[in-house]
Amino acid sequence: MFSESQLSEIIQSISENYNNEDLFYLETDHQMPNRDAIIHIIMGLRQIMFPGYFDKEQLGRTIPEYFLGHNIIKLYESLTEQIHFALRHSARDCTANCASDEEIVARSDEICLQFFSSFSDIQKMLIKDVEAAFNGDPAAKTKEEIIFCYPGLFAIFVYRLAHELYKMKVPFIPRIMSEYAHGHTGIDINPGATIGEYFFIDHGTGIVIGETTLIGDNVKIYQGVTLGALSTRSGQLLRDVKRHPTIEDDVTIYSNASILGGETVIGKGSVIGGNAFITSSVAPGTRVSVNNPDLTFTSKELQKPGDLFD
């Protein structure tokens, strides 16, 4: 065990680090969002999104209004509080035209209302994602299995929630959500990415989708895929610059492929083979395969997305 003097020295050295502003030491009147509360909100929203699947009590189909009303009110209050913490902390360094706390409270309520108003549309998107997974995976026995068990669907579910808050410029919370899903599934989808409908992630572990990625409809990707940026040595100078690729409709990307760069476009209906490394655009209907160590491009039009490797 420590001697009293050793403990005192350790405490003193750590306390001195607390005075370093690079650690962003929090003032007592600026509370950060609570990670556990946000995870609880995610789980509560999942119960609403997929009623009867994750409830402690089985939802009776005859009383959905009571179920929804009770749960939405609780989640609304909790999410509004966390958004208020996030906005208030983000505004702590404001020096001119700063919002008052009353205005921040009002903005938090406005954001939360807009979020829950969009929930039905998010739910419709997720129903299509479930359909994409069922139609895209012959190993899936039922859609219920996908909802209960598939990590890819869970990651997409959390992304669609986080993306809605990201669009409303809510600080911290979208990233807390996405990093929770990342840790839970091994799938890293930045909440700033834009992903169309009917999206399927198969297996999923090791997937990275960067902040400025654009993904169209009916896209299927496998484990280990990276949709990333080229060298980011310029750091913060690249903020708000498109750094990640565009994936058009009906594209299939197989395992461990890396597609990099903000100007890179994968054309509609293309198939990207496993382990491909792509930093330039690919024309629509192209098959890309790795002929070790070179890329081989075949411009033959595909009869259907994925027919080269499925």
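Preceding this paragraph is the structure being described.
Residues numbered from 1 in each chain as written. Predicted model: local features only at pLDDT ≥ 70, side-chain atom pairs only at ≥ 80, totals over all residues. Heavy atoms only, no water.

(A) Representation of the sheet that holds strand 13 (residues 277-278) in the model. Read from one edge to the other, the open sheet built from five strands follows the order 1-4-7-10-13, with strand pairing classed as parallel. A single partner strand is all that each edge strand has here, and the edge strands are strand 1 (188-189) and strand 13. Sheet topology note: the strand 10 (residues 258-260)/strand 13 ladder contains two bridges and is parallel. What sits directly across from Ile259, in strand 13, is Ile278. (Pairing = 2+ DSSP bridges. Helix = DSSP H or I, 4+ residues; strand = E, 2+ residues; numbered from the N terminus.)

(B) Expanded view of the sheet that holds strand 2 (residues 194-195). Read across the open sheet, the four strands follow the order 2-5-8-11; overall the sheet is parallel. Each of the sheet's edge strands pairs with one partner strand only, and the pair in question is strand 2 and strand 11 (265-266). In this sheet, strand 11 lies alongside strand 8 (residues 246-247) in parallel orientation, the contact comprising two bridges. Bridge assignment links Ile247 to a residue of strand 11, and that residue is Ile266.

(C) Layout of the side chain of Thr264. You can see Thr264 is positioned in the loop between strand 10 and strand 11. A polar contact is formed between the side chain of Thr264 and the backbone oxygen of Leu260, at a distance of 2.7 Å. Excluding residues that lie within four positions of it along the chain, Thr264 makes contacts with Pro245, Thr246, Ile259, Ile278, Thr279, Ser280 and Ser281. (Polar contact = N/O pair within 3.5 Å; in protein donor to acceptor, adjacent residues only side chain to side chain. Contact = heavy atoms within 4.5 Å.)

(D) Spotlight on the environment of Ala276. Looking at the element boundaries, Ala276 is found in the loop between strand 12 (271-272) and strand 13. The exposure class assigned to Ala276 is buried, which follows from its relative accessible area of 1%. Residues Ala276 and Ser255, spaced 21 residues apart in sequence, show a C-alpha to C-alpha distance of 8.9 Å. (Buried < 20%, exposed > 50% of the residue type's maximum accessible area, 1.4 Å probe, protein only.)

(E) Fine view of the environment of Lys268. The residue Lys268 is located in the loop between strand 11 and strand 12 in this model. Given a relative accessible area of 46%, Lys268 falls into the partly exposed group. Each C-alpha atom of the pair Lys268 and Thr286 lies 8.5 Å from the other, and the pair is 18 residues apart in sequence. Each residue touching Lys268, except ones within four places of it in the same chain, is listed here: Glu248, Asp249, Asp250, Val251, Pro284 and Gly285.

(F) Summary view of the packing of aromatic side chains. In total, this model carries seven aromatic pairs according to the counting rule given. A centroid spacing of 6.4 Å and a plane angle of 25° characterise the contact between Phe116 and Phe119, whose relative ring orientation is stacked. The class for Phe119 is buried, based on a relative accessible area of 8%. When the ring of Phe154 is compared with that of Phe157, the centres are 6.1 Å apart and the planes differ by 45°; the resulting orientation is tilted. Pair noted here: Phe154 and Phe157 are both in helix 7 (residues 151-167), with a separation of three residues, about one helical turn. Like Phe157, Phe154 is buried. Pairwise contacts between aromatic rings join Phe50, Phe154, Phe157 and Tyr180 into one cluster. (Phe/Tyr/Trp six-rings, centres within 6.5 Å; stacked < 30°, edge-to-face > 60°.)

(G) Structural view of the pattern of salt bridges. Under the definition given, this model contains eight salt bridges. A salt bridge links Glu110 to Arg107, with the nearest nitrogen and oxygen atoms 3.1 Å apart. Residue Glu110 and its partner Arg107 are located together in helix 4 (residues 101-117), separated by three residues, close to a single helical turn. For Arg107, a relative accessible area of 30% puts it in the partly exposed group. (Salt bridge = Lys/Arg side-chain N within 4 Å of Asp/Glu carboxyl O.)

(H) Local environment of the nonpolar core. Ile209 and Ile253 are the most contacted members of the largest nonpolar core, which has 72 residues in total. Of all the elements in the fold, those that place two or more residues in this core are helix 2 (35-49), helix 3 (64-90), helix 4, helix 5 (119-136), helix 6 (143-149), helix 7, helix 8 (173-185) and strand 3 (200-202). It is helix 7 that provides the largest number of residues to this core, a total of 10 residues. The residues touching Ile209, leaving out its near neighbours within four places in the chain, are Asp188, Ile189, Asn190, Ala193, Ile195, Phe199, Ile215, Ile221 and Leu227. (Core = buried A, V, L, I, M, F, W, Y, C linked by side-chain atoms within 4.5 Å.)

(I) Up close: helix 7. With 17 residues, helix 7 extends 24 Å between its outermost C-alpha atoms, agreeing within 8% with the 24 Å of an ideal straight helix rising 1.5 Å per residue. Burial runs high along helix 7: 14 of the 17 residues are buried. After helix 7 finishes, the residue Lys169 shows a positive phi value of roughly 60°. (Expected span 1.5 Å × (residues − 1).)

(J) Molecular detail of unusual backbone geometry. One non-glycine residue with positive phi stands out, namely Lys169, at about 60°. Here Lys169 shows up in the loop between helix 7 and helix 8. A positive phi is found at Asn256, a non-glycine position, where the angle reads about 65°. Here Asn256 lies in the loop between strand 9 (252-253) and strand 10. Asn256 gets classed as partly exposed once you look at its relative accessible area, which sits at 42%.

(K) Spatial organisation of the side chain of His244. Position of His244 relative to the elements: it lies in the loop between strand 7 (226-228) and strand 8. Residue class for His244 comes out buried when judged on its relative accessible area of 7%. Sequence-distant contacts of His244, that is, excluding residues within four places in its chain, are made with Gly210, Glu211, Thr212, Thr213, Leu227, Gly228, Ala229, Gly261 and Gly262.

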